[in-house]
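# Notes for the structure review
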Amino acid sequence: MHSPIQLLSLDFDGTLVSRANEPVLDMPCMELIRDLQDAGAIWAINTGRSVDLLESGLADFSFPIRPDFILTNERDVFRPGRDGNKWEAFGDWNERCAREHRELFSSASSVLAEVIDFVNQRTKARVLYNEELPEGLIANSEEEMDLVTKFIEQARARHPKFDYQRNTVYLRFCHADYHKGAALAELARLIEVPRENIFAAGDHHNDISMLDGQFAGFPACPANAILEVKDAVRAAGGYIAQNEYGAGVHEALAYFLNGNR
């Protein structure tokens with residue numbers, strides 16, 4: 001199979017994996033990804049999940065194929081591990097990312113404290129902690145999350161590098177320079193794949209950074225994607241599928257593989 005697509009960057013939950021319909025996986029999509037891999041294309045899962053949660057998902061949903069790389073926590077880059085490890089950091093990106101996040105949360109501590117006070121006093125959302133440091137939050141509804149993100153946008157004006165990644169009712173505090181798009185760009189740099197040969201698909205707010213056309217020449221989304229994602233894909237000249245979840249990814253891949261741009 002001769003394909004203009006050399007690298008696939010695919011979101012996991014809500015894109016490859018359906019939580020609303022059965023079957024969870026679209027097998028024609030899985031088979032097409034396998035065919036592309038066999039022809040030399042690289043498949044990366046680009047997810048907000050951690051490495052362990054992604055591995056659990058691959059097992060729980062009985063994925064018939066393995067990704068070549070994984071981009072986790074909306075920022076880290078991993079390659080297949082050696083010495084019996086499943087995954088290992090690829091280059092020094094993860095180390096730099098962690099260091100810049102430590103520096104950010106130190107310098108933006110007053111902004112973060114203001115956000116946490118707002119969440120605790122004005123909402124029923126729950127702040128999540130990692131080693132006693134605030135990492136993100138869970139809201140009770142999308143409407144409540146809208147309220148929180150509106151406040152964060154105001155508060156971060158004093159410290160623009162303080163940002164967040166949002167997916168449904170989940171939110172993670174982060175550095176503005178590290179997101180799914182940036183992680184994809186780093187992987188593409190390391191394996192030397194140009195933007196023009198990259199396909200990316202996702203469904204929610206945290207996917208927009210890899211779907212706005214800056215890092216992937218073939219952006220796409222399934223029909224279940226939120227309006228903001230569809231707007232970003234449309235503006236980038238990408239493809240909005242009529243089918244949902246994996247069937248939509250399969251539809252978008254077929255569209256571009258047939259020579260459409």
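This write-up is about the structure you can find in this document.

Cut-offs used in this document
Residues numbered from 1 in each chain as written. Predicted model: local features only at pLDDT ≥ 70, side-chain atom pairs only at ≥ 80, totals over all residues. Heavy atoms only, no water. Helix = DSSP H or I, 4+ residues; strand = E, 2+ residues; numbered from the N terminus. Buried < 20%, exposed > 50% of the residue type's maximum accessible area, 1.4 Å probe, protein only. Polar contact = N/O pair within 3.5 Å; in protein donor to acceptor, adjacent residues only side chain to side chain. Axes fitted to C-alpha atoms, helices over the stretch in contact; angles between N-to-C directions. Parallel < 35°, antiparallel > 145°, perpendicular 65-115°, else oblique. Left-handed = near helix turned anticlockwise from the far one by under 90°. Contact = heavy atoms within 4.5 Å. Nonpolar A, V, L, I, M, F, W, Y, C, P; charged D, E, K, R; others polar. Pairing = 2+ DSSP bridges.

## Points about the environment of serine 107
Following the sequence through the fold, serine 107 ends up in helix H3 (residues 93–107). Accessibility expressed as a relative area gives 47% for serine 107, which makes it partly exposed. For the pair serine 107 and phenylalanine 162, spaced 55 residues apart in sequence, the C-alpha separation works out to 9.3 Å. A polar contact is formed between the side chain of serine 107 and the side chain of histidine 159, at a distance of 3.0 Å.

## Some remarks on the packing of helix H1 (residues 27–38) against helix H8 (residues 245–257)
Relative to each other, H1 and H8 sit at 45°, their axes nearing to 8 Å. The pairing of H1 with H8 is recorded here as oblique in orientation. The hand of the H1/H8 crossing is left-handed. Residues Pro28, Cys29, Leu32, Ile33 and Leu36 of H1 pack against Gly246, Val249, His250, Leu253, Ala254 and Leu257 of H8. Considered class by class, the residues forming the contact of H1 with H8 number nine nonpolar, two polar and no charged.

## With respect to the pairing of strand S7 (residues 133–138)
Each regular strand carries side chains that alternate between the two faces of the sheet. The pairing of strand S6 (residues 126–130) with S7 spans five bridges and is classified as antiparallel. Bridge pairing links leucine 128 to glycine 136 in S7. By the bridge criterion, three bridges tie S7 to strand S9 (residues 170–175) in an arrangement that is antiparallel. If you follow leucine 137 over to S9, its bridge partner there is leucine 171.

## Considerations on the sheet that holds strand S1 (residues 7–10)
Ordered in space as S5-S4-S3-S2-S1-S10-S11-S12, the eight strands form an open sheet in which the pairing is mixed. Bordering the open sheet on either side are strand S5 (87–89) and strand S12 (239–240), each of which pairs with just one other strand. Alignment of strand S11 (residues 218–221) against S12, held across two bridges, turns out to be parallel. The residue bridging alanine 220 from the neighbouring strand is tyrosine 239, located in S12. Sitting on the sheet, helix H2 (residues 51–60) touches strand S2 (42–46), strand S3 (69–72), strand S4 (76–80) and S5, and the angle it makes with S3 is about 125°. Contacts between H8 and the sheet are confined to S1, strand S10 (198–201), S11 and S12, with S10 contributing the most and set at about 155° to the helix.

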